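Letter by letter, the chains look like this.
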Amino acid sequence: MKILFTGSNGLLGQKIAAATTNYPEHTFLATARGENRVQNLGTATYASMDITDAENVASVVASFQPDVIIHGAAMTHVDQCEQNKELAYLLNVEGTQNIADAAEQCGAHVVHISTDFIFDGEDGPYKEEAEANPLSYYGQTKLMAEHIVAKLDHWSILRTVLVIGMAEDLSRSNIVLWAKGALEKGDPINVVDDQFRTPTLAEDLAQGALLAATQRAEGVFNISGPDFMSIYELVEAVAKHFGLSMDTVTKVSSTTLNQPAKRPPRTGFDISKARRELGYQPHTFAEALNVIAAQAGL
């Protein structure tokens, strides 16, 4: 099978690339905008591809003729999406349309990575069939992207939650690395205790994407970690794991943060369908911290 994946310079893309060595029977093409910034591409070769350029996407896809496209490239910074809606729409909606059009031309199955932010967070954790009601423009663009993908003949949508992990040359941090860094420096930080998630190790999301791709699984799947916790509890677990003090942490309500984009209070996922149908086996949060610590050389 030939599998193309987008966003290969990002956290998820790097983990998919590293995992390609577990699938010697398949051929992989890693793509991202500009140059490859990753040392470990596994068995994948690299091609520069800008998802916002329809001709570029059509050309790269037609040349590789993938059986499956894993589409993980997106603008995921929630507040930046709120503040720059044109760019968010270009990347998350038009970019997905370009991928879908190119996939249609060569009959490729699309595995699309989506988010818990398509929900309003009133009654999480969610199952796959729950009704979407995004609170932020980021969530709106990701829901629009889901609708584009679901019109294809062959597709899977993988929704995930609060992806964490360690990788080389990351363009942005994630909550575990941020919390660890702030606690080590003794910086005073405000942490919300009224937002609940099921944090997802990037390796697990890559595992889910590759399981869906190699099985050409059809439909919507929740791919997240198994542990439901508040952001405060998450930071507390990071502090405990790395032997750091919580003295500089202030517990706050999310209403005090004045963030440009609204966040859903309680998301998180029921992942029993992915476990049952895909054979998905995520790390617990404690195990995820062990993986991150080992990669950080701690």
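Located above this text is the structure these notes cover.
What you see is a predicted model, and the numbers here were worked out from it, not measured in a lab. For every chain, the first residue of the written sequence is number 1, and numbering continues from 1 onward in sequence order. Note on the predicted model: pLDDT of at least 70 is required for a residue's local features to be given, and 80 or more for side-chain atom pairs to be given and counted; whole-chain, interface and lining totals, by contrast, use all residues. Processing note: side-chain calculations cover all non-hydrogen atoms of the structure and skip hydrogens and water entirely.

Draft legend 1. Layout of the sheet that holds strand β1 (residues 2-5). Pairing between strands is defined by DSSP: at least two bridges between the two strands are required. Per the convention used, a helix needs a DSSP run of H or I reaching at least four residues, while a strand needs a run of E reaching at least two, with both numbered from the N terminus. What the seven strands build is an open sheet, ordered β3-β2-β1-β4-β5-β6-β11; its pairing is parallel. Either end of the sheet is taken by a strand with one partner, and the two such strands are β3 (45-48) and β11 (219-222). Ignoring strand direction, the axes of neighbouring strands in this sheet form an average angle of 20°. Relative to strand β6 (residues 155-160), strand β5 (residues 109-115) is paired through six bridges, and the arrangement is parallel. The partner of Val-110 across the bridge, within β6, is Trp-155. In this description, a line fitted to the C-alpha atoms serves as the axis of each element, helices being fitted only across the stretch in contact, and the angle between N-to-C directions of two axes falls anywhere from 0 to 180 degrees.

Draft legend 2. Up close: the packing of aromatic side chains. Only Phe, Tyr and Trp rings take part, Trp by its six-membered ring, and two of them pair if their centres are within 6.5 Å. Stacked means planes under 30 degrees apart, edge-to-face means over 60, and tilted covers everything else. Using the criterion set out here, one finds four aromatic pairs in the structure. Here Phe-117 and Tyr-138 contribute two aromatic rings whose centre-to-centre distance is 6.1 Å and whose plane-to-plane angle is 65°, an arrangement assigned as edge-to-face. Of this pair, Phe-117 sits in the loop between β5 and α5 (137-149) while Tyr-138 sits in helix α5, placing them 21 residues apart in sequence. For the pair Phe-119 and Tyr-126, a centre-to-centre distance of 4.2 Å together with 10° between the ring planes defines the contact as stacked. Among the aromatic side chains, those forming a connected cluster through ring pairs are Phe-119, Tyr-126 and Phe-269. Only Lys NZ and Arg CZ are tested; either one counts as a charge over a ring when it is within 6 Å of the ring centre and within 35 degrees of the ring normal. Against the face of Phe-64 rests Lys-2, its NZ or CZ located 4.9 Å from the ring centre. When the ring centre of Phe-221 is taken as reference, the NZ or CZ atom of Lys-273 above it lies at 4.5 Å.

Draft legend 3. Main features of the packing of helix α8 (residues 231-242) against helix α10 (residues 285-295). Put simply, α8 and α10 touch, their axes get as near as 11 Å, and they point 55° apart. One way to sum up the angle between α8 and α10 is to call them oblique. Our pair here, α8 against α10, has a crossing hand that is right-handed. Between α8, through Leu-234, Ala-237, Val-238, His-241 and Phe-242, and α10, the contact on the second element is made entirely by Phe-285, Ala-286, Leu-289, Asn-290 and Ala-293. Considered class by class, the residues forming the contact of α8 with α10 number eight nonpolar, two polar and no charged. Convention used here: angles under 35 degrees read as roughly parallel, angles over 145 as roughly antiparallel, angles from 65 to 115 as roughly perpendicular, and any remaining angle as oblique. For any helix crossing, the convention is left-handed if the near helix is rotated counterclockwise from the far helix by under a right angle, and right-handed if that rotation is clockwise. Two residues qualify as a contact provided that any one of their heavy atoms is within 4.5 Å of a heavy atom in the partner residue. As a working rule, the residues Ala, Val, Leu, Ile, Met, Phe, Trp, Tyr, Cys and Pro are called nonpolar, Asp, Glu, Lys and Arg charged, and the rest polar, with Gly in that last group.

Draft legend 4. Up close: the environment of Ala-150. Positionally, Ala-150 belongs in the loop between α5 and β6. Sequence spacing of Ala-150 and Val-220 is 70 residues, and the spatial spacing of their C-alpha atoms is 9.3 Å.

Draft legend 5. Main features of the pairing of strand β2 (residues 27-32). Classification of residues uses two cut-offs on accessible area relative to the type maximum, computed with a 1.4 Å probe and protein chains only: under 20% is buried, over 50% is exposed, and between them is partly exposed. Among the six residues that make up β2, five are buried, leaving the element largely enclosed by the rest of the structure. As judged from the four bridges shared by β1 and β2, these two strands associate in the parallel manner. Residue pairing across strands places Phe-5 opposite Ala-30, the latter belonging to β2. On the question of chirality, the crossover connecting β1 to the parallel β2 by way of helix α1 (residues 11-19) is right-handed. Across four bridges, the pairing between β2 and β3 is parallel. What sits directly across from Ala-30, in β3, is Tyr-46. The handedness of a crossover follows from its direction of travel: if, with the strands pointing away from the viewer, the path from the first strand over the helix to the second runs clockwise, the crossover is right-handed.

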